Amino acid sequence: MRASHSALLLLLAVPTLALCAGTADFSGMTADYDVDVCVLGGGPSGTAAAIAAARNGVDTLLVEQYGFLGGMGTAASVNVFMDYRFSGGIFREILHELDKLEARRGSVFDANIMRVALDNLVQDAGVKVLFHTRGVTCTIAPGRSWQGKQRQTISSLLIHNKSGLQKVRAKVFIDCTGDADLAAWAGAPFEIGRKEDGETQPMTMIFRMGGCTFKGGSIMKFPGMEDYWASYAFNPNPGEISLNMTRIQGYSGINGEDLTAATIEGRKAVMEAVEALRKNVPGFQDAYLLAMPAQIGVRETRRVMGATLLTGEQLINPGRIYSHRKDVVARNQYNVDIHDPKGTKAQIVRLKQPYEIPYRCLLPKGVDNLLIAGRPISADHVAHSSLRIQPTCYALGQAAGTAAALAVANETGPWEVGQPNDPTKGQALLRELQAVLIRQGQDLGATRARELGLYPEWRRWQLKYRLEAYPLKRAFKDVPDDHPAHEAVQALAGMGVLRGLSPDHYGADDPASIAVSAVVIGRCMAVLPSSRAPLYDKVPLPDRLKGKWWSSAIAECAAYGILDLNQLPGIEPEDYITEQDLRRYLERAFPQAAPLPPVPTELLKGDTVTRASLAYLAWAAARTWEP
Ligand SMILES: Cc1cc2nc3c(=O)[nH]c(=O)nc-3n(C[C@H](O)[C@H](O)[C@H](O)COP(=O)(O)OP(=O)(O)OC[C@H]3O[C@@H](n4cnc5c(N)ncnc54)[C@H](O)[C@@H]3O)c2cc1C
């Protein structure tokens, strides 16, 4: 018999030590770990929180129940990143780490190698990780009061592993369990499910198949598959596909018996889906079940009520009030995406603009030394369905970890860090928190960056990310997919460096002039501003170089010392550029870039530098540019 899943709307705080820590008395137990910051749960939010805290100079312990990090992304095989346009910082470093390990294909990653990528990053940051360890409860004591209201403080976290029951003391705890376990133990109020009946989004047992020759398209269109809802990802490994096809409804992700029943039902559903795919879908006939994940994917459980509440309405119709938050710590524009708790459909609302997540959503009501990050932050059911994606959870984790480090360094608590209406300490610390986040690559939006005087810094990161992640595909017939300059031309075109071109012709074999080279270099520099200032404010051009479409590019290259000033009188910009000059110009424009590679022989046309070679070398410099 499973325990009944009650339609809970609001569970109020139960701030008594006896209920929080059961009936046992742990006061006599000495602390096994005494740290500045303890992060419970090593999913997207917890991993980022721990890295951020450690990097910002505090002693950090990360406790994870499995033997690897990544949360749903690894444990439940959710190996796809949804919209990550607005997630920078640590999340981007994870993309780089995956690339180094050849474990990413666009937004899809290898869920096994992801474990290694995350190990590498937490170890580099100096985080102490405790695997195979579960948080089981906490003890609480009276904490600071805020504006006359008494809060609780978590005096210790009780954890359990093969060493037995152990005690962790920390100045600040961060709950990244995805289920707000620690916040609930500490007595913070929370809600579960949708307003009308408390039902949550269904769980899903994602599975991986190998030996697939399936080429893509809708799986549901094949006879015999009409009753399925199916989304899938082609994994980086050839012939391997991850499938999201099972919907296990009516169970609670925070109830032991429910989770057990859902897991068994999930595995049965996987076997049926595998059978149906093999029988009905071309490209799966010879495929086989490669893996079921360590746990069933849980989309939704508790949502903690915090200092403020992010609502679906604020995301869908932000108006002026909710467009910019003074205490923004993360941004996102992923859809409202609610998988029906009872039916087979999903309710999708596309958002017109990105929204900003306030720091106050990370502060659980009534608890002093606790931050919450990841999917259970203070939001309603609708807002939760959008912010729960992994990239945003990484961003929220980074914000929480940084705030915790700041609180420790200033001998204060997380609430004191981030009250935008506090005229004294809060404002200064909040500004510091946001400044650190922006400097460490997080996207808090142009408005806040400008207010903090960090717009150039913010812009530099965003452009770097843009260049790396979103090259726009252009159909140039003379630069097909297998052309050696294809990637370069696509990337530069997508960044707006190559403009005013015919939609299907780049002119790959045409010779590149000095003028065209100066324009390309100038635009690359505009997109990826160099950390150095120009040598000259304004360069007077000889009359014959004025008034042309390339004049300002020539002047800019001269101002940055890319073109010698004393070369200017003799320069004929329409002349073809030599490879030696092009290399010299690029090296001067991007002194921080890696050494330029040789041009592939297929791109060489005698001594002429073709526009394909120009793109190839310019991209080689720009892609390795470091801010
Ligand atoms: C089926 C499914 C499909 C999804 N699809 C996508 C998608 O395509 N793209 C996307 O970006 N997002 C997707 N998501 C959402 C996303 O995966 C999650 O919302 C996100 O991983 C939440 O991150 P988190 O850090 O808040 O929590 P989690 O990922 O849940 O991580 C929590 C971590 O805490 C650990 N933990 C929990 N309790 C304890 C405890 N008591 N003690 C110790 N450790 C504990 C867990 O083991 C886990 O590692 C999907 C989710 C599901 C379930």
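K.L.:
I'd like a description of the overall build of the protein chain, backed by residues and values.
P.N.:
Helix and strand content of the protein chain: 19 helices and 19 strands. In terms of overall size, the protein chain behaves like a compact globule, its C-alpha atoms giving a radius of gyration of 27 Å where 627 residues would be expected to give roughly 25 Å. Principal axes of the C-alpha set define a box for the protein chain whose edges measure 90 × 65 × 45 Å. By residue count, 58% of the 627 residues in the protein chain fall in the buried class. Within the protein chain, contacts between residues separated by at least 24 positions form 73% of all contacts whose residues are at least 6 apart in sequence. Summed over its atoms, the accessible surface of the protein chain is roughly 26200 Å², and 52% of this surface lies on carbon and sulfur atoms. In the protein chain, which carries 67 positive and 66 negative side-chain charges, the distance between the mean positions of the two groups comes to 4 Å.

K.L.:
Run through the nonpolar core, naming residues and quoting values.
P.N.:
Among the nonpolar cores identified, the biggest contains 101 residues, and I174, Y359, L362 and L371 are the most heavily contacted of them. By residue number, the principal contributor to this core is helix 10 (residues 390–409), which donates 11 residues. Dropping the residues within four chain positions of it, I174 is found in contact with V37, C38, V39, L40, A49, L370, L371, A373, A400, G401 and A404. Ranked by size, the runner-up nonpolar core spans 60 residues in total, among them L492, V519, V520 and W625.

K.L.:
Any details on the environment of V520? Residues and values, ideally.
P.N.:
Looking at where V520 falls in the secondary structure, it is placed in helix 16 (residues 514–527). Note on V520: relative accessible area 5%, which makes it buried. For the pair V520 and A615, spaced 95 residues apart in sequence, the C-alpha separation works out to 8.2 Å. Contacts of V520, omitting those with residues within four sequence positions, involve V497, L498, L614 and A618.

K.L.:
I'd like a description of the packing of helix 2 (residues 44–55) against helix 5 (residues 111–125), backed by residues and values.
P.N.:
Direction vectors running N to C along helix 2 and helix 5 enclose 25°, while the axes themselves pass 8 Å from each other. Classified by the interaxial angle, the pair formed by helix 2 and helix 5 is roughly parallel. Taken as a pair, helix 2 and helix 5 cross one another with a handedness that is left-handed. Between helix 2 and helix 5, the residues in contact are T47, I51, A54 and R55 and L118, L121, V122 and A125, respectively. Of the residues contributing to the contact of helix 2 with helix 5, the split by class is six nonpolar, one polar and one charged.

K.L.:
Describe the sheet that holds strand 12 (residues 241–244), and please don't skip the residues or the numbers.
P.N.:
Two modes of strand pairing occur in sheets, parallel and antiparallel, and in both the strands are linked by backbone hydrogen bonds. With respect to topology, four strands assemble into an open sheet ordered 11-12-10-13, the strand pairing being antiparallel. This sheet does not close on itself; its edge strands, each paired only once, are strand 11 (231–234) and strand 13 (288–291). Shown here is a sheet whose adjacent strand axes are inclined to one another by a mean of 35°, direction ignored. Two strands pair when backbone bridges link them, and strand 11 and strand 12 are joined in this way by four bridges, in the antiparallel orientation. What sits directly across from A233, in strand 12, is S242.

K.L.:
Any details on the packing of aromatic side chains? Residues and values, ideally.
P.N.:
The geometry of two aromatic rings is summed up by the distance between their centres and the angle between their planes. According to the stated counting rule, one finds 14 aromatic pairs in the structure shown. Taken together, a centroid distance of 5.1 Å and an interplanar angle of 35° make the contact between F214 and F284 tilted. Taken together, the residues span a long stretch of sequence, with F214 in the loop between strand 10 (207–210) and strand 11 and F284 in the loop between helix 7 (256–280) and strand 13 at a distance of 70 residues. Pair check on accessibility: F214 and F284 agree, each one buried. Residues F476 and Y506 carry aromatic rings whose centres are separated by 6.0 Å and whose planes lie at 45° to one another, so their mutual orientation is tilted. Note that F476 is positioned in the loop between helix 14 (455–469) and helix 15 (486–494) and Y506 in the loop between helix 15 and helix 16, a separation of 30 residues in sequence. Y506 carries the same exposure label as F476, and that label is buried.

K.L.:
Tell me about the site of the ligand, residues and numbers included.
P.N.:
Around the ligand sit 33 residues, and of these S45, E64, Q65, V80 and R388 come closest. Take P44: an N or O atom from its main chain is 3.4 Å from an oxygen atom of the ligand. Contacts to the ligand include M72, whose backbone N or O atom sits 2.9 Å from an oxygen atom. Its free accessible area being 1000 Å², the ligand has 96% of it covered by the protein chains.

K.L.:
Give a detailed account of the environment of L614, specifying residues and quantitative values.
P.N.:
By the element assignment, L614 lies in helix 19 (residues 611–623). Discounting residues that sit within four places of it in the chain, L614 has contacts with A512, V516, S517, V520, L582 and V609.

K.L.:
Before we move on, could you go through unusual backbone geometry and cite the residues and values that matter?
P.N.:
Excluding glycine, residues mostly have negative phi values, and the peptide bonds linking residues are mostly trans. Of note in the backbone geometry, S77 takes a positive phi value of approximately 60° without being a glycine. Looking at where S77 falls in the secondary structure, it is placed in the loop between helix 3 (72–75) and helix 4 (90–100). Of note, the phi angle at A180 is positive, near 55°, even though the residue is not glycine. Tracing the chain through its elements places A180 in the loop between strand 8 (164–175) and helix 6 (181–185).

K.L.:
Go over the pairing of strand 7 (residues 149–161), please, and point to the residues and values.
P.N.:
Taken together, the 10 bridges between strand 6 (residues 134–146) and strand 7 define a ladder with antiparallel strand orientation. Along strand 7, the bridge assignment pairs I140 with I154. The turn linking strand 6 back onto strand 7 is made up of two residues, and Q147 within it adopts a positive phi angle of 50°. Sheet topology note: the strand 7/strand 8 ladder contains five bridges and is antiparallel. Across the sheet, L158 pairs through a bridge with K167, a residue of strand 8. Turn length for the strand 7-strand 8 hairpin, with the two strands adjacent in sequence and antiparallel, is two residues.

Calculation criteria
- Residues numbered from 1 in each chain as written.
- Predicted model: local features only at pLDDT ≥ 70, side-chain atom pairs only at ≥ 80, totals over all residues.
- Heavy atoms only, no water.
- Helix = DSSP H or I, 4+ residues; strand = E, 2+ residues; numbered from the N terminus.
- Rg over C-alpha atoms; globule rule 2.2 N^0.38 Å.
- Buried < 20%, exposed > 50% of the residue type's maximum accessible area, 1.4 Å probe, protein only.
- Contact = heavy atoms within 4.5 Å.
- Areas by Shrake-Rupley, 256 points an atom, 1.4 Å probe, with all protein chains shown as cover.
- Lys, Arg positive; Asp, Glu negative; His and termini not counted.
- Charge placed at Lys NZ, Arg CZ, Asp CG, Glu CD.
- Core = buried A, V, L, I, M, F, W, Y, C linked by side-chain atoms within 4.5 Å.
- Axes fitted to C-alpha atoms, helices over the stretch in contact; angles between N-to-C directions.
- Parallel < 35°, antiparallel > 145°, perpendicular 65-115°, else oblique.
- Left-handed = near helix turned anticlockwise from the far one by under 90°.
- Nonpolar A, V, L, I, M, F, W, Y, C, P; charged D, E, K, R; others polar.
- Pairing = 2+ DSSP bridges.
- Phe/Tyr/Trp six-rings, centres within 6.5 Å; stacked < 30°, edge-to-face > 60°.
- Near = heavy atom within 4 Å.
- Polar contact = N/O pair within 3.5 Å; in protein donor to acceptor, adjacent residues only side chain to side chain.

Keep in mind these values describe shape, not function.
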